[in-house]
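Residue strings, one per chain:
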Amino acid sequence: MNPTACILVIGNEILSGRTQDMNVQYIARRLAEIGISLMEVRVIPDIRETIVTTVCDVRARFDHVFTTGGIGPTHDDITAPCIAEAFGVPWTIHSESFRLLEAHFPPGEFNAARQRMATLPEGAIPIRNPVSVAPGFSMGNVHVMAGVPRIMRAMFEEMAPGLTHGTPVTSISWYALGLYEGTLAAGLSDVQSCHGQVDIGSYPFHRPDGRRGVALVSKGVDARAVHQAASAVRDLIATLGFAPVEGEPPP
């Protein structure tokens, strides 16, 4: 069994619709590539009680918890102190992070607000930030990253080599133009019944220029089983009188 994971997206701006999340898809794809099974994603507000309660819940149920958002210098950036509370440890200045940030800013500009970004739960391990220096951190199995996508991605890649992981997920896609789910549903159900180890998904698409069809994706950690299921999917498409094309539908 691969290790399991949960993503917590933290921020009122996501829940209000002001900001579109750009991080979940990236993390999900990278986790599949390194053999960690993403089981759950939650979006929660910048409310202390909610963050603390949710972190305590998910860190007990999953091998890894990844959070994004809420580790900046402003009053609503409360993720770090909430993680400290969830683990029952002080939220204190991390001396090495403090020195790095102090050296990063011009003299006189490393103010109290910016010093908050060097304040971590006691015992946390910093996640290096090659973009803007201010670190994320890991506390136990909880990995805390920035919400800004390019910073989050840099943090994730710094951390990824040290994560406990398993077998990468193999994924094979076939699609056909003009094919609809109602036409293939019965046959696809039979294919899934014969390949229980593989997750087979059906994804309709409709392009602005009128192209329509269905993409069928087979994925799992047993590469041989995935290839067998994907072959059955290809044969199903052909049997129904459509031309199977390997890969994702063109945009």
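Residues numbered from 1 in each chain as written. Predicted model: local features only at pLDDT ≥ 70, side-chain atom pairs only at ≥ 80, totals over all residues. Heavy atoms only, no water.

A. Geometry of unusual backbone geometry. Phi at Val133 takes a positive value of approximately 75°, unusual for a residue other than glycine. Its place among the elements puts Val133 in the loop between strand S6 (125-127) and strand S7 (136-139). By relative accessible area, Val133 is classed as partly exposed at 24%. (Helix = DSSP H or I, 4+ residues; strand = E, 2+ residues; numbered from the N terminus. Buried < 20%, exposed > 50% of the residue type's maximum accessible area, 1.4 Å probe, protein only.)

B. Representation of the sheet that holds S7 within the structure. Pairing within the open sheet is mixed, and its six strands lie in the order S2-S1-S3-S8-S7-S6. Where the open sheet ends on each side, the last strands, each with one partner, are strand S2 (37-44) and S6. Averaged over all pairs of adjacent strands, the angle between strand axes in this sheet comes to 20°, irrespective of strand direction. Sheet topology places strand S1 (residues 4-10) next to strand S3 (residues 64-68); five bridges connect them, and they run parallel. Residue pairing for S3: Val9 is matched across the bridge by Thr68. (Pairing = 2+ DSSP bridges. Axes fitted to C-alpha atoms, helices over the stretch in contact; angles between N-to-C directions.)

C. Structural view of the pairing of S3. By the criterion of burial, S3 is predominantly enclosed, with five of the five residues buried. The side-chain alternation of S3 yields two buried faces, one formed by His64, Phe66 and Thr68 and the other by Val65 and Thr67. Where S3 lies against strand S8 (residues 142-145), four bridges are found, and the strand directions are parallel. Residue pairing in the sheet places Thr67 in a bridge with Val144 of S8.

D. Main features of the packing of aromatic side chains. Per the counting criterion, the structure on display carries five aromatic pairs. A ring pair is formed by Tyr26 and Phe156, whose centres lie 6.4 Å apart and whose planes are at 85°; its orientation type is edge-to-face. Here Tyr26 is found in helix H2 (residues 24-34), whereas its partner Phe156 is found in helix H7 (residues 149-159), with 130 residues between them in sequence. Measuring from ring centre to ring centre gives 4.9 Å for Phe98 and Phe110, while their planes differ by 65°; the resulting arrangement is edge-to-face. Of this pair, Phe98 sits in helix H5 (residues 95-104) while Phe110 sits in the loop between H5 and helix H6 (112-115), and the two are twelve residues apart along the sequence. Given a relative accessible area of 21%, Phe98 falls into the partly exposed group. Site record: aromatic cluster; members linked through ring pairs are Tyr26, Phe66 and Phe156. (Phe/Tyr/Trp six-rings, centres within 6.5 Å; stacked < 30°, edge-to-face > 60°.)

E. Up close: the sheet that holds strand S10 (residues 199-206). On the basis of which strands lie adjacent, the open sheet formed by four strands has the order S10-S11-S9-S12 and antiparallel pairing. Two strands bound the open sheet, and with one partner strand each, they are S10 and strand S12 (245-246). When S10 meets strand S11 (residues 212-220), the two strands line up antiparallel, connected through eight bridges. Note on S11: the bridge partner recorded for Gly201 is Val217. Along the sheet, helix H8 (residues 181-194) makes contact with S10 and S11, crossing S10 at roughly 165°. Set on the sheet, helix H9 (residues 223-239) makes contact with strand S9 (170-177), S10 and S11; between it and S9 the angle comes to about 5°. (Contact = heavy atoms within 4.5 Å.)

F. Spotlight on helix H4 (residues 79-87). Within H4 the residues assigned to the buried category are Thr79, Ala80, Cys82, Ile83, Ala84 and Ala86. One or two steps after H4, the chain reaches Gly88, where phi turns positive at roughly 70°.

G. Highlighting the environment of Gly241. Position of Gly241 among the secondary structure elements: in the loop between H9 and S12. For Gly241, a relative accessible area of 64% gives the class exposed.

H. Layout of the pattern of salt bridges. Applying the stated rule across the entire model yields twelve salt bridges. With its nearest N and O atoms 3.5 Å apart, the salt bridge here joins Arg61 to Glu40. Of this pair, Arg61 sits in helix H3 (residues 48-61) while Glu40 sits in strand S2; the two residues are 21 residues apart in sequence, bridging distant segments of the chain. On the basis of relative accessible area, Arg61 is assigned to the partly exposed category, the value being 42%. In this structure, Asp235 and Arg234 form a salt bridge, with 3.3 Å as the shortest nitrogen-oxygen distance. According to the relative accessible area criterion, Asp235 is partly exposed, its value standing at 41%. Owing to a relative accessible area of 31%, Arg234 belongs among the partly exposed residues under this scheme. Salt bridges sharing partners connect three or more residues here, namely Glu40, Arg42, Asp57 and Arg61. (Salt bridge = Lys/Arg side-chain N within 4 Å of Asp/Glu carboxyl O.)

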